[in-house]
Amino acid sequence: MNLQAIFCPNPGCLDKYEVGKGNIISHGRKRQRCKCTCCGKTFAYRRGTPFYGLRSEVNEIICVVTLVAYGCPIPAIVAAFERDERTIGEWLQRAGDHAELFHHQQMRPLDLQQVQVDELWLRMQQQVMWVAMAVAVGSRLWLGAVCRPKRDKKLAEQILTCVYNWAKPVALVIAFDGWNVYFDLCLKIFSEPFYSGRKGRPAMKIWEQLTLVQVVKHTRANTWAGIRQVLWGSCTRFQRLIERTQGAGGINTAYIERLNATFRGHLSILVLRSRCPARRMETITQRIFLLGCVYNFCTLHSAFRHATPAMRAGLTDHCWSLGELLWSRPKPFSLPTI
(Lines give C-alpha, C1' and ligand atoms only; values in the text may rest on other atoms or scores of the structure.)
Protein backbone atom coordinates (compact mmCIF):
# COMPACT_ATOMS: atom_id res chain seq x y z
CA MET A 1 0.00 0.00 0.00
CA ASN A 2 1.23 3.46 -0.91
CA LEU A 3 0.22 5.42 2.17
CA GLN A 4 1.89 8.62 0.98
CA ALA A 5 -0.78 9.10 -1.73
CA ILE A 6 -3.77 8.69 0.61
CA PHE A 7 -5.67 11.39 2.46
CA CYS A 8 -8.23 11.17 5.26
CA PRO A 9 -11.79 11.26 3.82
CA ASN A 10 -13.40 12.27 7.12
CA PRO A 11 -14.93 15.77 6.67
CA GLY A 12 -14.50 16.48 10.40
CA CYS A 13 -10.77 15.71 10.47
CA LEU A 14 -8.28 18.57 10.83
CA ASP A 15 -6.04 16.96 8.19
CA LYS A 16 -8.84 16.07 5.76
CA TYR A 17 -7.86 15.79 2.09
CA GLU A 18 -4.20 16.48 2.93
CA VAL A 19 -1.70 14.21 1.17
CA GLY A 20 1.78 13.34 2.48
CA LYS A 21 1.35 14.62 6.05
CA GLY A 22 2.19 11.23 7.59
CA ASN A 23 -1.13 10.90 9.42
CA ILE A 24 -2.21 7.75 7.50
CA ILE A 25 -1.01 4.37 8.82
CA SER A 26 -1.81 0.76 7.97
CA HIS A 27 -4.65 -0.80 9.96
CA GLY A 28 -4.84 -4.49 9.14
CA ARG A 29 -3.06 -6.97 6.90
CA LYS A 30 -5.81 -9.39 5.92
CA ARG A 31 -8.11 -6.55 4.90
CA GLN A 32 -6.37 -3.54 3.41
CA ARG A 33 -7.50 -0.74 5.68
CA CYS A 34 -5.97 2.55 6.77
CA LYS A 35 -6.24 4.69 9.87
CA CYS A 36 -5.87 8.42 10.39
CA THR A 37 -3.82 9.24 13.48
CA CYS A 38 -5.38 12.72 13.67
CA CYS A 39 -9.05 11.79 14.00
CA GLY A 40 -8.74 8.05 14.69
CA LYS A 41 -11.12 7.03 11.89
CA THR A 42 -10.45 3.94 9.79
CA PHE A 43 -11.33 3.45 6.13
CA ALA A 44 -10.68 1.03 3.29
CA TYR A 45 -7.53 1.41 1.21
CA ARG A 46 -9.59 1.30 -2.00
CA ARG A 47 -11.89 4.12 -0.92
CA GLY A 48 -11.99 6.93 -3.45
CA THR A 49 -11.02 4.65 -6.35
CA PRO A 50 -13.14 2.69 -8.88
CA PHE A 51 -12.10 -0.53 -7.09
CA TYR A 52 -13.89 0.35 -3.85
CA GLY A 53 -16.54 -2.27 -2.98
CA LEU A 54 -15.51 -4.71 -5.73
CA ARG A 55 -14.24 -8.23 -5.10
CA SER A 56 -12.75 -8.76 -8.54
CA GLU A 57 -9.03 -8.69 -9.18
CA VAL A 58 -7.64 -5.23 -9.72
CA ASN A 59 -5.42 -6.33 -12.60
CA GLU A 60 -8.40 -7.79 -14.44
CA ILE A 61 -10.38 -4.53 -14.07
CA ILE A 62 -7.42 -2.47 -15.32
CA CYS A 63 -7.00 -4.84 -18.29
CA VAL A 64 -10.68 -4.55 -19.25
CA VAL A 65 -10.68 -0.74 -18.95
CA THR A 66 -7.51 -0.59 -21.07
CA LEU A 67 -9.06 -2.70 -23.82
CA VAL A 68 -12.18 -0.53 -23.94
CA ALA A 69 -10.12 2.67 -24.02
CA TYR A 70 -8.26 1.39 -27.07
CA GLY A 71 -11.24 0.34 -29.14
CA CYS A 72 -12.18 -3.19 -28.08
CA PRO A 73 -15.98 -3.72 -28.18
CA ILE A 74 -17.81 -4.96 -25.10
CA PRO A 75 -19.04 -8.29 -26.66
CA ALA A 76 -15.44 -9.29 -27.38
CA ILE A 77 -14.43 -8.58 -23.77
CA VAL A 78 -17.40 -10.55 -22.45
CA ALA A 79 -16.41 -13.54 -24.59
CA ALA A 80 -12.71 -13.35 -23.71
CA PHE A 81 -13.01 -12.83 -19.94
CA GLU A 82 -16.22 -14.84 -19.49
CA ARG A 83 -17.78 -12.06 -17.47
CA ASP A 84 -21.36 -10.86 -17.46
CA GLU A 85 -22.01 -7.78 -19.57
CA ARG A 86 -23.53 -5.95 -16.60
CA THR A 87 -20.33 -6.53 -14.61
CA ILE A 88 -18.21 -5.03 -17.38
CA GLY A 89 -20.64 -2.13 -17.61
CA GLU A 90 -20.34 -1.41 -13.90
CA TRP A 91 -16.53 -1.39 -14.11
CA LEU A 92 -16.63 1.05 -17.01
CA GLN A 93 -19.18 3.25 -15.27
CA ARG A 94 -16.95 3.50 -12.21
CA ALA A 95 -13.87 4.19 -14.34
CA GLY A 96 -15.69 6.88 -16.36
CA ASP A 97 -17.00 8.73 -13.31
CA HIS A 98 -13.55 8.53 -11.76
CA ALA A 99 -11.94 9.89 -14.94
CA GLU A 100 -14.33 12.86 -15.01
CA LEU A 101 -13.43 13.82 -11.44
CA PHE A 102 -9.75 13.26 -12.19
CA HIS A 103 -9.93 15.51 -15.27
CA HIS A 104 -11.56 18.41 -13.41
CA GLN A 105 -9.08 18.11 -10.55
CA GLN A 106 -5.96 18.03 -12.71
CA MET A 107 -6.99 20.85 -15.06
CA ARG A 108 -6.23 24.45 -14.23
CA PRO A 109 -6.13 27.77 -16.15
CA LEU A 110 -3.42 27.53 -18.81
CA ASP A 111 -1.93 29.63 -21.59
CA LEU A 112 -3.82 27.79 -24.34
CA GLN A 113 -2.78 30.17 -27.18
CA GLN A 114 -4.93 28.44 -29.85
CA VAL A 115 -8.09 26.39 -29.27
CA GLN A 116 -10.20 24.57 -31.83
CA VAL A 117 -13.78 23.44 -31.17
CA ASP A 118 -15.99 21.14 -33.21
CA GLU A 119 -18.89 18.71 -32.89
CA LEU A 120 -19.41 15.11 -33.91
CA TRP A 121 -22.56 13.04 -33.96
CA LEU A 122 -23.20 9.36 -33.23
CA ARG A 123 -26.09 6.99 -33.32
CA MET A 124 -27.75 5.71 -30.17
CA GLN A 125 -30.66 3.37 -29.88
CA GLN A 126 -33.61 5.22 -31.45
CA GLN A 127 -31.92 8.64 -31.37
CA VAL A 128 -28.88 10.69 -32.35
CA MET A 129 -26.39 12.24 -29.91
CA TRP A 130 -24.11 15.26 -30.45
CA VAL A 131 -20.72 15.60 -28.75
CA ALA A 132 -18.79 18.90 -28.73
CA MET A 133 -15.08 18.85 -27.88
CA ALA A 134 -12.19 21.31 -27.68
CA VAL A 135 -8.42 20.92 -28.02
CA ALA A 136 -5.46 23.19 -27.34
CA VAL A 137 -3.41 23.07 -30.53
CA GLY A 138 -0.01 23.90 -29.02
CA SER A 139 -0.02 21.05 -26.49
CA ARG A 140 -2.67 18.84 -28.17
CA LEU A 141 -4.41 18.87 -24.78
CA TRP A 142 -8.01 17.65 -24.75
CA LEU A 143 -9.96 20.27 -22.79
CA GLY A 144 -13.28 18.51 -22.32
CA ALA A 145 -16.49 17.38 -23.96
CA VAL A 146 -20.23 18.06 -23.76
CA CYS A 147 -22.97 15.61 -24.80
CA ARG A 148 -26.47 16.69 -25.77
CA PRO A 149 -29.27 15.13 -27.83
CA LYS A 150 -29.45 18.21 -30.10
CA ARG A 151 -26.93 20.46 -31.84
CA ASP A 152 -28.29 23.62 -30.30
CA LYS A 153 -27.04 26.82 -28.72
CA LYS A 154 -26.75 25.17 -25.30
CA LEU A 155 -24.22 22.68 -26.67
CA ALA A 156 -21.97 25.45 -28.01
CA GLU A 157 -22.36 27.49 -24.82
CA GLN A 158 -21.26 24.63 -22.59
CA ILE A 159 -18.14 23.74 -24.58
CA LEU A 160 -17.09 27.41 -24.81
CA THR A 161 -17.62 27.76 -21.06
CA CYS A 162 -15.28 24.79 -20.64
CA VAL A 163 -12.66 26.61 -22.72
CA TYR A 164 -13.20 29.79 -20.68
CA ASN A 165 -12.64 27.91 -17.41
CA TRP A 166 -9.24 26.53 -18.50
CA ALA A 167 -7.93 29.61 -20.36
CA LYS A 168 -5.86 32.41 -18.87
CA PRO A 169 -6.83 35.95 -19.93
CA VAL A 170 -3.91 36.25 -22.34
CA ALA A 171 -3.59 36.09 -26.12
CA LEU A 172 -6.00 33.41 -27.32
CA VAL A 173 -7.24 32.26 -30.73
CA ILE A 174 -10.46 30.24 -31.01
CA ALA A 175 -11.09 28.49 -34.32
CA PHE A 176 -14.43 26.97 -35.30
CA ASP A 177 -16.35 25.95 -38.39
CA GLY A 178 -19.24 27.61 -40.19
CA TRP A 179 -21.71 27.33 -37.32
CA ASN A 180 -22.37 31.02 -36.60
CA VAL A 181 -23.57 30.36 -33.06
CA TYR A 182 -19.96 30.22 -31.87
CA PHE A 183 -19.16 33.84 -32.74
CA ASP A 184 -21.93 35.44 -30.67
CA LEU A 185 -21.35 33.10 -27.75
CA CYS A 186 -17.59 33.73 -27.71
CA LEU A 187 -18.17 37.46 -27.40
CA LYS A 188 -20.65 36.81 -24.60
CA ILE A 189 -18.65 34.25 -22.60
CA PHE A 190 -15.17 35.75 -23.00
CA SER A 191 -16.16 39.06 -21.45
CA GLU A 192 -15.79 40.30 -17.90
CA PRO A 193 -17.39 43.18 -15.97
CA PHE A 194 -15.58 46.49 -16.28
CA TYR A 195 -15.93 48.57 -13.12
CA SER A 196 -15.69 52.28 -13.91
CA GLY A 197 -16.76 53.58 -10.51
CA ARG A 198 -20.19 54.68 -11.67
CA LYS A 199 -23.43 53.53 -10.16
CA GLY A 200 -25.40 50.72 -11.69
CA ARG A 201 -24.54 47.50 -13.39
CA PRO A 202 -20.98 47.44 -14.78
CA ALA A 203 -20.49 47.13 -18.53
CA MET A 204 -19.09 43.90 -19.96
CA LYS A 205 -15.70 44.18 -21.65
CA ILE A 206 -14.48 41.56 -24.13
CA TRP A 207 -10.98 40.17 -23.67
CA GLU A 208 -8.57 42.53 -25.40
CA GLN A 209 -6.33 39.75 -26.77
CA LEU A 210 -9.14 37.49 -28.03
CA THR A 211 -9.11 36.48 -31.70
CA LEU A 212 -11.91 34.54 -33.40
CA VAL A 213 -11.35 32.77 -36.72
CA GLN A 214 -13.72 30.71 -38.83
CA VAL A 215 -13.50 28.08 -41.55
CA VAL A 216 -16.63 27.77 -43.72
CA LYS A 217 -16.52 24.52 -45.71
CA HIS A 218 -18.67 23.70 -48.69
CA THR A 219 -18.55 21.52 -51.79
CA ARG A 220 -19.31 22.62 -55.32
CA ALA A 221 -19.09 20.52 -58.50
CA ASN A 222 -17.43 17.63 -56.65
CA THR A 223 -14.68 19.90 -55.32
CA TRP A 224 -14.03 21.08 -51.79
CA ALA A 225 -13.74 24.78 -51.05
CA GLY A 226 -13.34 26.74 -47.85
CA ILE A 227 -13.60 30.34 -46.74
CA ARG A 228 -11.15 31.32 -44.01
CA GLN A 229 -11.71 34.60 -42.22
CA VAL A 230 -10.78 36.46 -39.04
CA LEU A 231 -14.01 37.55 -37.39
CA TRP A 232 -12.60 39.33 -34.35
CA GLY A 233 -9.20 40.46 -33.16
CA SER A 234 -5.81 41.19 -34.65
CA CYS A 235 -4.49 39.36 -37.70
CA THR A 236 -0.90 40.01 -36.61
CA ARG A 237 -1.50 38.42 -33.21
CA PHE A 238 -3.25 35.50 -34.87
CA GLN A 239 -0.31 34.84 -37.20
CA ARG A 240 2.12 34.97 -34.28
CA LEU A 241 0.10 32.43 -32.29
CA ILE A 242 -0.22 30.19 -35.35
CA GLU A 243 3.57 30.07 -35.65
CA ARG A 244 3.90 29.21 -31.96
CA THR A 245 1.29 26.44 -31.86
CA GLN A 246 1.47 24.70 -35.24
CA GLY A 247 4.61 26.07 -36.86
CA ALA A 248 3.09 27.04 -40.21
CA GLY A 249 -0.22 27.14 -42.01
CA GLY A 250 -3.30 29.27 -41.80
CA ILE A 251 -6.81 29.17 -40.41
CA ASN A 252 -7.95 25.57 -40.01
CA THR A 253 -9.78 23.10 -37.78
CA ALA A 254 -7.58 20.15 -38.71
CA TYR A 255 -6.41 19.37 -35.18
CA ILE A 256 -9.85 19.02 -33.63
CA GLU A 257 -10.96 16.92 -36.60
CA ARG A 258 -7.99 14.62 -36.10
CA LEU A 259 -8.90 14.34 -32.44
CA ASN A 260 -12.48 13.45 -33.41
CA ALA A 261 -11.11 10.71 -35.63
CA THR A 262 -8.94 9.45 -32.78
CA PHE A 263 -11.94 9.22 -30.47
CA ARG A 264 -14.00 7.44 -33.13
CA GLY A 265 -11.20 4.95 -33.68
CA HIS A 266 -10.73 4.22 -29.97
CA LEU A 267 -14.36 4.02 -28.82
CA SER A 268 -16.63 1.51 -30.49
CA ILE A 269 -19.78 3.41 -29.43
CA LEU A 270 -18.66 6.43 -31.50
CA VAL A 271 -18.49 4.48 -34.75
CA LEU A 272 -21.14 5.67 -37.20
CA ARG A 273 -22.29 2.15 -38.07
CA SER A 274 -22.01 -0.03 -34.99
CA ARG A 275 -23.79 -3.13 -33.76
CA CYS A 276 -23.32 -2.10 -30.15
CA PRO A 277 -24.67 1.47 -29.84
CA ALA A 278 -25.00 3.16 -26.47
CA ARG A 279 -28.37 3.32 -24.75
CA ARG A 280 -27.82 6.19 -22.32
CA MET A 281 -26.18 9.60 -22.63
CA GLU A 282 -24.35 8.99 -19.34
CA THR A 283 -22.57 6.02 -20.92
CA ILE A 284 -21.21 8.20 -23.73
CA THR A 285 -20.02 10.86 -21.28
CA GLN A 286 -18.25 8.30 -19.10
CA ARG A 287 -16.45 6.63 -22.01
CA ILE A 288 -15.40 9.96 -23.54
CA PHE A 289 -13.93 11.26 -20.28
CA LEU A 290 -12.16 7.94 -19.76
CA LEU A 291 -10.58 8.12 -23.20
CA GLY A 292 -9.85 11.83 -22.77
CA CYS A 293 -7.84 11.20 -19.60
CA VAL A 294 -6.02 8.28 -21.23
CA TYR A 295 -5.21 10.50 -24.21
CA ASN A 296 -3.97 13.39 -22.05
CA PHE A 297 -1.98 11.53 -19.41
CA CYS A 298 -1.22 8.01 -20.71
CA THR A 299 -0.59 8.41 -24.45
CA LEU A 300 2.77 9.52 -25.81
CA HIS A 301 2.46 11.96 -28.72
CA SER A 302 5.00 11.52 -31.50
CA ALA A 303 4.97 15.25 -32.31
CA PHE A 304 6.50 16.07 -28.90
CA ARG A 305 9.39 13.61 -28.81
CA HIS A 306 7.71 11.05 -26.59
CA ALA A 307 5.71 13.33 -24.30
CA THR A 308 2.04 13.27 -23.44
CA PRO A 309 -0.27 16.29 -23.99
CA ALA A 310 -0.47 16.74 -20.21
CA MET A 311 3.32 16.84 -19.98
CA ARG A 312 3.46 19.35 -22.82
CA ALA A 313 0.90 21.57 -21.07
CA GLY A 314 2.73 21.38 -17.73
CA LEU A 315 0.05 19.42 -15.84
CA THR A 316 2.39 16.53 -15.00
CA ASP A 317 6.05 15.55 -15.28
CA HIS A 318 5.72 11.89 -16.36
CA CYS A 319 3.64 9.55 -18.46
CA TRP A 320 0.93 7.96 -16.36
CA SER A 321 -0.10 4.33 -16.59
CA LEU A 322 -3.78 3.48 -16.64
CA GLY A 323 -3.41 1.70 -13.33
CA GLU A 324 -1.87 4.80 -11.78
CA LEU A 325 -4.74 6.88 -13.12
CA LEU A 326 -7.38 4.54 -11.65
CA TRP A 327 -5.58 4.31 -8.31
CA SER A 328 -5.43 8.10 -7.96
CA ARG A 329 -7.86 9.58 -5.45
CA PRO A 330 -9.49 12.83 -6.60
CA LYS A 331 -10.53 15.11 -3.79
CA PRO A 332 -14.32 15.41 -3.52
CA PHE A 333 -15.88 18.55 -4.93
CA SER A 334 -19.04 19.53 -6.75
CA LEU A 335 -18.93 19.91 -10.54
CA PRO A 336 -20.17 23.26 -11.90
CA THR A 337 -23.61 23.20 -13.47
CA ILE A 338 -24.55 25.23 -16.53
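None of these values were measured; they are calculated from a predicted model. (Residues numbered from 1 in each chain as written. Predicted model: local features only at pLDDT ≥ 70, side-chain atom pairs only at ≥ 80, totals over all residues. Heavy atoms only, no water.)

1. A short note on the packing of helix 7 (residues 254–266) against helix 8 (residues 281–298)
Working step 1: Helix 8 packs onto helix 7 with a crossing angle of 115° between their chain directions and a minimal axis gap of 11 Å. Of the possible angle classes, the one that applies to helix 7 and helix 8 is roughly perpendicular. The interaxial crossing formed by helix 7 with helix 8 has right-handed handedness. Contacts from Leu259, Phe263 and His266 in helix 7 reach Ile288, Leu291, Gly292 and Tyr295 in helix 8.
Working step 2: A breakdown of the residues in the contact of helix 7 with helix 8 according to their chemical character gives five nonpolar, two polar and no charged. (Axes fitted to C-alpha atoms, helices over the stretch in contact; angles between N-to-C directions. Helix = DSSP H or I, 4+ residues; strand = E, 2+ residues; numbered from the N terminus. Parallel < 35°, antiparallel > 145°, perpendicular 65-115°, else oblique. Left-handed = near helix turned anticlockwise from the far one by under 90°. Contact = heavy atoms within 4.5 Å. Nonpolar A, V, L, I, M, F, W, Y, C, P; charged D, E, K, R; others polar.)

2. Quick notes on the environment of Ile284
Working step 1: Considering the arrangement of structural elements, one finds Ile284 in helix 8.
Working step 2: Between the C-alpha atom of Ile284 and that of Val131, which follows or precedes it by 153 residues, the distance is 9.0 Å.
Working step 3: Discounting chain neighbours no more than four positions away, the residues touching Ile284 are Leu122, Met124, Met129, Val131, Cys147, Ile269 and Ala278.

3. Some points on the packing of helix 3 (residues 85–106) against helix 8
Helix packing geometry: the angle between the two helix axes and the distance between the axes.
Working step 1: The geometry of helix 3 relative to helix 8 is characterised by a closest axis approach of 8 Å and an angle of 55° between their N-to-C directions. As summarised for this structure, helix 3 and helix 8 are arranged oblique, according to the angle between their axes. Pair helix 3 / helix 8 crosses with left-handed handedness. Residues Leu92, Gln93, Ala95, Gly96, Asp97, Ala99, Glu100, Phe102, His103, His104 and Gln106 of helix 3 touch helix 8, and the partners they reach there are Thr285, Gln286, Arg287, Phe289, Leu290, Cys293, Asn296 and Phe297.
Working step 2: Tallied by class, residues from the contact of helix 3 with helix 8 come to eight nonpolar, eight polar and three charged.

4. Structural notes on the pattern of salt bridges
Working step 1: With the rule as written, the count across this model stands at seven salt bridges.
Working step 2: For Arg151, the salt bridge identified is with Glu119, shortest N-O distance 3.0 Å. Here Glu119 lies in strand 4 (residues 114–124) and Arg151 lies in the loop between strand 6 (141–148) and helix 4 (153–165), a separation of 32 residues in the sequence.
Working step 3: The class for Arg151 is partly exposed, based on a relative accessible area of 34%. (Salt bridge = Lys/Arg side-chain N within 4 Å of Asp/Glu carboxyl O. Buried < 20%, exposed > 50% of the residue type's maximum accessible area, 1.4 Å probe, protein only.)

5. Regarding the state of the cysteines
Working step 1: Applying the stated criterion to the full structure yields zero disulfides.
Working step 2: Left without a disulfide partner, Cys162 is nearest to the cysteine sulfur of Cys293, which lies 12 Å away.
Working step 3: No disulfide involves Cys186; its sulfur sits 13 Å from that of Cys162, the nearest cysteine.
Working step 4: The class for Cys186 is buried, based on a relative accessible area of 0%. (Disulfide = S-S within 2.5 Å.)

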